[in-house]
Amino acid sequence: MLDAEVIVEKFLETKLQVHPEVVRFIREQNDPSLIEKIISSIPVDTIVVSVHHIPAISGECDGARFNADPHIEIISGLGGTQGSTNIDNYLHLFRDRYQKLGGIIKSRFNAMPIEGLTSSKRYLNVECSLVGMTGEVRTTTNGHRLIDLEDTTGKISVLFNKNNDGFKEAVVLIPDEVIGVRGTLSGDGRIFFADTLYRPDIPHNNAPFKSKFPGKAALISDIHVGSNTFLEEAWNNFLEWLSKSEISYLLVAGDLVDGIGIYPGQEHELCIPNIYAQYARLGEMFCSVPKRIKVILSPGNHDVVRGAEPQPAIPEEFRKKFPDNCTFVENPAIISLQGVRVLMYHGRSIDDLIGLIPGASYQKGGNMMEAMLKRRHLAPIYGRKTPIAANYDDSLIINPIPDVIHTGHIHISATTEYRGVIGINAGTWQAQTAFQKQMNIQPTPGKAVVLDLQTLSYDMLDFN
Ligand code: D5M
Ligand code: FE
Ligand code: ZN
């Protein structure tokens, strides 16, 4: 990635100041020629290069990254980045995860390779640090936490004593997360006694970006059109409110329709039993959303695309009835709204996180968004309910740090704030289904969260 100072310097050479958002943008594009392109395209009397200058060069650059509207950009997930599935790629996927998340941890301290630690007597009883990916995680009969930790050179058992400070964090360790540990190797060289656990996490000093000018976004998910439990009345109340509101953006984080054959017996609960008809109906519904509102739609596990994450955007053939102000993105996707970065992720992995993190529950969805942020990963657990595509790169890593993480899936509203990152889950537009009754899930339907982009304050509105 290009260095921020180098970018600023380049602009200063031509007596131009540059807005931090533009710097952020150029860094992500990682294309040094972009600076020249921007400089050559801005008006001669420009003093500060701002985001508004970027669309002026959209024709020359990677079109997908630029947008006709200067205030909304799809930073990632517009389409085509979901890659192809190839079993051999799993190895690369996990290596990529280790490299990227391990890199974040290693930037804070010097870690040594596991092989180096175990192959020499030199390190017995000497405090040192390791960075690796967790394998099996268990609690011993004495109540200590024992985990397998692996890096690219080797593997070791790591024990967190229940009386140590690090134990509290070790309790919530799950398989396949990348962590750092500090401690000492046992006398026989077989176990690493860890005192401290480090996660990639969000830095303490992380400060969210706020828009310089007014703007509001509405965040929702899980509409489930086609289900006979879709709450049309609440939805119509929402539409009516939208038409009178100051909302400029509407984000929908998956489960747009109810789909077909998603769970046993679903056919008895569908009022639209055809997948094309479900999207057609949804498209008609969005025709009633004011045209000034930019709508972003990403898929969830009920949608027509493959379930494996990252999920592709809804294909063209299902978009026919949607108006032009609708943009379809992948799951996950990062959307910049006036510079405020929203990471949209449906949240299938929340089922796995709740199953493995002691004390976690569907009623406390905010904690699960925090669990993702701490691990800097949207779906750390492989091989359970969340299918993960065998992509070359791990695109479920949380990087860059978003200002907002927007999830859905659990059908229970939750908001949270963690180290400057806002977590929002608006819930659903579907009443409890027979399946959810069986699972004892009590949904909180008919709510939308309104986010003020200038202040980053938010409100949960009820449309029942
Ligand atoms: O998910 C709606 C809710 O149902 C959400 O809380 C997860 C839960 N759910 C969905 N599938 C399962 C399975 N297979 N086991 C347990 N709980 C589940 P939605 O994606 O809308 O169906
Ligand atoms: Fe859902
Ligand atoms: Zn879902």
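Notes on the structure in this doc start here. Nothing here was measured: the structure is a model prediction, and the numbers come from that model. (Residues numbered from 1 in each chain as written. Chains lettered and ligands numbered in written order. Predicted model: local features only at pLDDT ≥ 70, side-chain atom pairs only at ≥ 80, totals over all residues. Heavy atoms only, no water.)

**Examining helix α9 (residues 349-356)**
Within α9, 6 of the 8 residues are buried, which leaves it mostly tucked inside the rest of the structure. Those residues of α9 lying buried are S349, I350, D351, D352, L353 and I354. For α9, the secondary structure elements touched by its buried residues are α10 (365-375) and β15 (404-407). (Buried < 20%, exposed > 50% of the residue type's maximum accessible area, 1.4 Å probe, protein only. Helix = DSSP H or I, 4+ residues; strand = E, 2+ residues; numbered from the N terminus. Contact = heavy atoms within 4.5 Å.)

**Some thoughts on unusual backbone geometry**
P332 follows N331 through a cis peptide bond whose omega is 5 degrees. Considering the arrangement of structural elements, one finds P332 in the loop between β12 (326-328) and β13 (333-337). Between N399 and the following residue, P400, the backbone shows a cis peptide bond with an omega angle of 5 degrees. Residue placement: P400 occurs in the loop between α10 and β15.

**Remarks on the sheet that holds strand β4 (residues 128-139)**
Strands sit in the order β4-β5-β6-β8-β7 around a closed barrel of 5 strands; the barrel is mixed. Across the sheet, the mean angle separating the axes of adjacent strands is 55 degrees when strand polarity is ignored. Pairing of strand β7 (residues 178-185) with strand β8 (residues 191-198), which is carried by 6 bridges, proceeds in the antiparallel orientation. Within the sheet, the bridge partner assigned to T184 lies in β8 and is F193. Across the sheet, helix α4 (residues 89-106) touches β4, β5 (145-150), β7 and β8, and the angle it forms with β4 is around 125 degrees. (Pairing = 2+ DSSP bridges. Axes fitted to C-alpha atoms, helices over the stretch in contact; angles between N-to-C directions.)

**Some remarks on the coordination of the iron ion (ligand 2)**
Note on metal sites: the ideal angle is 109.5 degrees for four tetrahedral donors, and 90 or 180 degrees for six octahedral donors. The coordination sphere of the iron ion (ligand 2), as far as protein atoms go, consists of D222 (OD), H224 (NE2), D255 (OD) and H411 (NE2), spread over 1.9 to 2.3 Å. Binding-site remark: the iron ion (ligand 2) is held by donors from one chain whose sequence spacing is D-x1-H-x30-D-x155-H. Separating the iron ion (ligand 2) from the zinc ion (ligand 3) is a gap of 3.2 Å, bridged by D255, which donates to each. Here the residue D222 occupies a position in the loop between β9 (216-220) and α7 (232-244), and D255 occupies one in the loop between β10 (247-253) and α8 (275-287), the gap between them amounting to 33 residues. Neither residue differs from the other here; D222 and D255 are each classed as buried. (Donors = N, O, S within 2.8 Å, 3.2 Å for Na, K, Ca; no water.)

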